[in-house]
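For reference, the chains in residue letters:
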Amino acid sequence: MSLARSATSDLSGRNQGRAALNPKKHDELLEIASIDHIFQEMLADKATFFHNTQTALRGAAAITLVVGAATVPGLTQALPPAYQNPLLLAMIGFWFVLTFGKTVGFAVRNAWQAIAGTLIAVLNSLVMNAVFPGGAKLAAVNGYKPAIAWIDLAVVVFLVMYLNISNRARTFALFYLAMFMMHFMNPHSHATFSRSWTVDINGTGVSYLVVCLVGTSLAVLFTVIPWPRTATREVELEIKHIKLGVSTLMSQVVASYNGTPQSSTVRSKLARGFRAITEKLAEIQGRLDLMWWEGFDLGDRGKLRHLSAAFVVLLRELTDIVRALQLAAQSDVTQSDDLMDTLNPQIADLVQFAVEILEDCGAMVADGDINSEEHERMKNRVRDLMATMKRLTAAYTDKRSEAGLDPLDLDLLEEDFFMYNLAQMTQALARYTANYDPSPGDIVTRLQDAMLDIVDPDLSRNHWNFVLRGYCAYMTAFVWGVYLGNYNFLVAATVALVMSQFLGSAIERNLGRMQGVVLGVILPAIVLHQLPSCSGGMGTMLFLLIVFVFEAMAIYIYQSASSRFSYIAMLTAAFAAQSFFQPCEELSNDAATSHTAYAKVTATVSGIIIVLAFDSALANERPSQATRVHITRVMSRIRNGLEACLESKVGPPAQGLVKKELRDAEASHLEAAHEPRFWRAAYPEDTVEDMLVLMEQLRLNMRCLEQTARKSGRPGETSFIEGDVEPVFAKVQGSEEFQYARQKLLAQYDQVVSLLLSSLEHEGEGQVKAVTNYEHDSSAIDVVLGLAQTLTEIRYNRDAKMVDDLRSRTAVAIFMFANIHYRLDDIVEVVLSK
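Keep in mind it's a predicted model, so treat the numbers as computed, not measured.

Concerning the overall build of the protein chain
- Counting its secondary structure elements, the protein chain contains 30 helices and 2 strands.
- Across the 834 residues that make up the protein chain, the buried fraction comes to 55%.
- Considering only contacts in the protein chain between residues 6 or more positions apart, those separated by 24 or more positions represent 86%.
- Per element, the accessible surface of the protein chain, about 33,900 Å² overall, is 59% carbon and sulfur.

Brief notes about the packing of helix 3 (residues 86-99) against helix 8 (residues 204-224)
- Contact geometry for helix 3 and helix 8: axes closest at 8 Å, N-to-C directions at 40°. Judged by the inter-axis angle, helix 3 sits oblique to helix 8. Seen from above, helix 3 lies across helix 8 with right-handed handedness. Here Leu-87, Leu-88, Met-91, Ile-92, Phe-96 and Thr-99 of helix 3 lie close against helix 8, whose contacting residues are Ser-207, Tyr-208, Val-211, Val-214, Gly-215, Thr-216, Leu-218 and Ala-219.
- Grouping the amino acids of the contact of helix 3 with helix 8 by side-chain chemistry returns 10 nonpolar, 4 polar and no charged.

Considering the nonpolar core
- Ranked by internal contacts, the top residues of the largest apolar core, which has 112 residues, are Leu-422, Ile-631, Leu-642 and Ile-827.
- Top element by residues in this core is helix 11 (residues 299-329). It accounts for 14 residues.
- Discounting chain neighbours no more than four positions away, the residues touching Ile-631 are Ala-665, Val-688, Leu-692, Met-695, Leu-756, Leu-757 and Leu-760.
- Ranked by size, the runner-up nonpolar core spans 102 residues in total, among them Phe-96, Val-157, Val-160 and Phe-193.

Re the side chain of Lys-243
- For Lys-243, the location among the structural elements is in helix 9 (residues 231-258).
- Setting aside residues up to four positions removed in sequence, Lys-243 forms contacts with Phe-311, Leu-315, Leu-358, Glu-359, Gly-362 and Ala-363.

Comments concerning the environment of Thr-278
- The residue Thr-278 is located in helix 10 (residues 264-295) in this model.
- Look at Thr-278 and you get partly exposed, because its relative accessible area is 37%.
- Between the C-alpha atom of Thr-278 and that of Thr-319, which follows or precedes it by 41 residues, the distance is 8.2 Å.

Observations regarding the confidence of the model for the protein chain
- In the predicted model, the protein chain carries a mean pLDDT of 77, and 75% of its residues have values of at least 70.
- Across the protein chain, helix 6 (residues 146-162) holds the top mean pLDDT of 93, while strand 2 (residues 718-720) sits lowest at 33.
- Long-range and interchain partners of residues 1-33, a stretch whose pLDDT sits below 50, account for 99 contacts in this model, where long-range means more than four residues apart.

Overview of a nonpolar patch on the surface
- There is a patch of nonpolar side chains on the surface, built from Ile-151, Val-155, Phe-158, Leu-159 and Trp-464 and spanning about 440 Å² of accessible area.
- Counting residues per element, the nonpolar patch draws most heavily on helix 6, which supplies 4 residues.
- Here Trp-464 shows up in helix 17 (residues 461-483).

Points about helix 13 (residues 344-367)
- Given a rise of 1.5 Å per residue, 24 residues ought to cover 34 Å, and the 35 Å separating the end C-alpha atoms of helix 13 matches this to within 8%.
- Once helix 13 ends, the next one or two residues include Gly-368, with phi positive near 90°.

A short note on the pattern of salt bridges
- Under the criterion given, the structure shown has 25 salt bridges.
- For Glu-234, the salt bridge goes to Arg-287, with nearest N and O atoms at 2.8 Å. A residue pair is termed long-range when its members are at least 10 positions apart, and Glu-234 in helix 9 and Arg-287 in helix 10 qualify at 53 residues. Exposure class is identical for Glu-234 and Arg-287. Each is buried.
- Notably, a salt bridge pairs Lys-379 with Glu-376, separated by 3.7 Å at the nearest N-O pair. In this pair, Lys-379 and Glu-376 both sit in helix 14 (residues 372-402), 3 residues apart, roughly one turn of the helix.
- For Glu-376, a relative accessible area of 36% corresponds to the partly exposed category.
- Three or more residues are tied together by salt bridges with common partners; here these are Arg-229, Glu-234, Glu-238, Lys-280, Glu-283 and Arg-287.

Brief notes about the side chain of Glu-551
- Tracing the backbone through its elements, the reader meets Glu-551 in helix 20 (residues 537-560).
- With a relative accessible area of 0%, Glu-551 lands in the buried category.
- If we skip the residues at most four places from it in the chain, Glu-551 touches Ala-60, Ile-63, Val-97, Ala-573, Ala-576, Ala-577 and Phe-580.

Section: the environment of Phe-94
- By the element assignment, Phe-94 lies in helix 3.
- Judged by relative accessible area, which is 2%, Phe-94 ranks as buried.
- Separated by 484 residues in sequence, Phe-94 and Gln-578 place their C-alpha atoms 5.3 Å apart.
- Not counting residues up to four positions away in its chain, the partners in contact with Phe-94 are Leu-497, Ala-574, Phe-575, Ala-577 and Gln-578.

Parameters at a glance
Residue positions are given per chain, counted from 1 along the sequence in the order it is written. Under the rules for a predicted model, residues below a pLDDT of 70 receive no local features and side-chain atom pairs below 80 are neither given nor counted, while totals for whole chains, interfaces and linings still include all residues. For side-chain calculations, the full set of non-hydrogen atoms in the structure is used, while hydrogens and water are omitted. A helix here means a DSSP run of H or I that spans at least four residues, while a strand means a run of E at least two residues long, and both kinds are numbered starting from the N terminus. Burial classes: relative accessible area under 20% of the type maximum marks a residue as buried, over 50% as exposed, and values in between as partly exposed (1.4 Å probe, protein chains only). Any two residues having at least one pair of non-hydrogen atoms within 4.5 Å are treated as being in contact. Exposure was quantified through the Shrake-Rupley algorithm and a 1.4 Å probe, taking into account, for residues, occlusion by the shown protein chains and nothing else. The convention used is that axes are lines fitted to C-alpha atoms, helices contributing only their stretch in contact, and that angles between N-to-C directions extend from 0 to 180 degrees. Angle categories are assigned with fixed cut-offs, so that under 35 degrees is roughly parallel, over 145 is roughly antiparallel, 65 to 115 is roughly perpendicular, and the rest are oblique. The crossing is said to be left-handed when, going from far helix to near helix, the turn is anticlockwise and less than a right angle, and right-handed when the turn is clockwise. Residues are sorted three ways: Asp, Glu, Lys and Arg are charged, Ala, Val, Leu, Ile, Met, Phe, Trp, Tyr, Cys and Pro are nonpolar, and all the rest, Gly among them, are polar. Only buried residues count toward a nonpolar core. Its members are Ala, Val, Leu, Ile, Met, Phe, Trp, Tyr and Cys residues joined through side-chain atoms within 4.5 Å. Values of pLDDT, which run from 0 to 100, indicate the predictor's confidence residue by residue. Residues enter a patch when their relative accessible area is above 30% and they make no salt bridge; the linking distance is 9 Å between like charges and 5 Å between nonpolar side chains (Val, Leu, Ile, Met, Phe, Trp, Tyr). Any carboxyl oxygen of Asp or Glu within 4 Å of a side-chain nitrogen of Lys or Arg constitutes a salt bridge here. The length a helix should cover is 1.5 Å for every residue beyond the first.

Put into structure tokens, the structure is as follows:
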């Protein structure tokens, strides 16, 4: 067949169903139903009503239990005097909400971060009270120097910000630092702290550390009772669904190539399936990290996590390979029946064999261990799979030779590409079995890494901008609290709660934070105002019922809503828990309740306004600008890879970096869509969405292209071409034809990227000028395909164990160059059509 354009299924209607090898009467509705069934099952467990409701009920039950204890007359008086402070007790519910989550691992990790952050503030307080016992209120006897207190605060806040401490640890550290230092600097404070390097269990610092331990311990406890909700179980379900999805896609794509036509509907379903798997693979890594906190990699839990992580790597690689197979399966031209017809049964058998092995590997991973007998059996099956691929390779080579198509032929590049990726599929399974290692590694090292993971110094420009914004906002809020708020720490504490490393849409996010705080403070006050009494049998029961229902609803929204709304519900649940957590006699006092609510709202709104001001004034880039920066980096990395492949200087693949930049681009794109534009032109949301789809396809093309610069040896052995295998274009690299083709392709790439980036400059005249001055070079593809005419002497290596010889890799490289050219055409079409 002639090389044809593999157009994108998401962006255009150019794709039409291609003629089949062996036309069969397949019921398309059954195919669609089969695909839908798999991916509906995959998506069903993502955020089910049952699981979110269960989490909400657990959290609400915990808060209601502790609030109920606080309303019992005389119970708080039974505590030591230092622990009877209502503000102190209210922090139990507050920190519970910020630590609680769906799984044990999530709660344990958050608890450790919370305790570590609190310890930072407590240790600083211990040092300062050792130097100046009693702080400002005893300045006459301890030689208190205000300047030293301010310097200490400035240095500690800077270090906490600069060291890039994890979000919760930073929140707890800065929150309590504001409280302790405000008491330390307040000459009229009634707080007591440890002195002279001794630890006072009744001191303010230690008592808040105890409260932190109580709140975070409750968060862990209520993920365990009445039965544990573990990240381990979630990973098992996710792996099961991803494995099923990959198997279904693999079978469906190969069936499409072997005879079942792909209609536009089926292609759309497959595209949705690929997106679902990609999302699942992006989410599962976080859950694998949470698994560590549930077992610390000890015993069987360590083996299970290690095996699961290795299997996820295999699934991620197979997903990319199946997507590459789809490039061939969605072609819009008829294949050569004479060449491939007799190979279809062998191809179907090979894929079915691979699916069975994948299922077996998944089942053994689910067991949590693979003994030597199972491992040997798995290796034998993979050897049989590779032998099957070897027979298919030989049959394919013989067919080409019989047809006189042994040299490189443009009419059969797609078949070469399809066979090459079948070989890559078998090698991926072979590498997985060869690299099997049941040991999770050194436990002590893993423990140290996990415990110290809360600190991650970062020297990037974006992090320095976050340090500047956060530092200025926090210090301004602290000064505000000292001089305008009569030593009120809540303004600075609010800044600690709401500061975010990801700037996003500053106005929208901070208004949302304000909404969450106000709802969490005002709604309980309104409810308590309408409640006749919270004492007595019926009064207490009604009050606790209100607490339970309110917290259940807030936590449910927190767990199930999108990121735009979940943090609003989280703040609402946390501040409401704090508001409810008061002795009954104080809750019944309307004047006291109203005053407390007013003070909290005033302080928190002031803090949020300060954050909003510094985020807006000091931000180094808006989300729309960040999106353009990430897109520029993606296209630059792909361009570097393209040039390296043309020069046969391919190094380690940069797929991980490209994927990260694409994820960052998608995240900033979502924020940019909600960015206030004011006087600026509308953000080109549709254009950017289309571009992100096309760049993901370019990434896939580059992945396949980079693979042509490697060779396959023993299972599990992969090496780069330099010094091992002759580079793909070594025979023609010095020729005028090759240099001209290289120049043409790179020039076209640069021209299209320039057009793309100019089109994203939607705030000036760059877009109009770029579109007006753009002249499309349609001759680049002809020059690239002309390379094949100079490589006709390259023939198949009939002794190759896989379709991975120089001849096959050359065909794949040219096929990928052609696909990259077509993706560039798609980019131009998207830009010019908007």
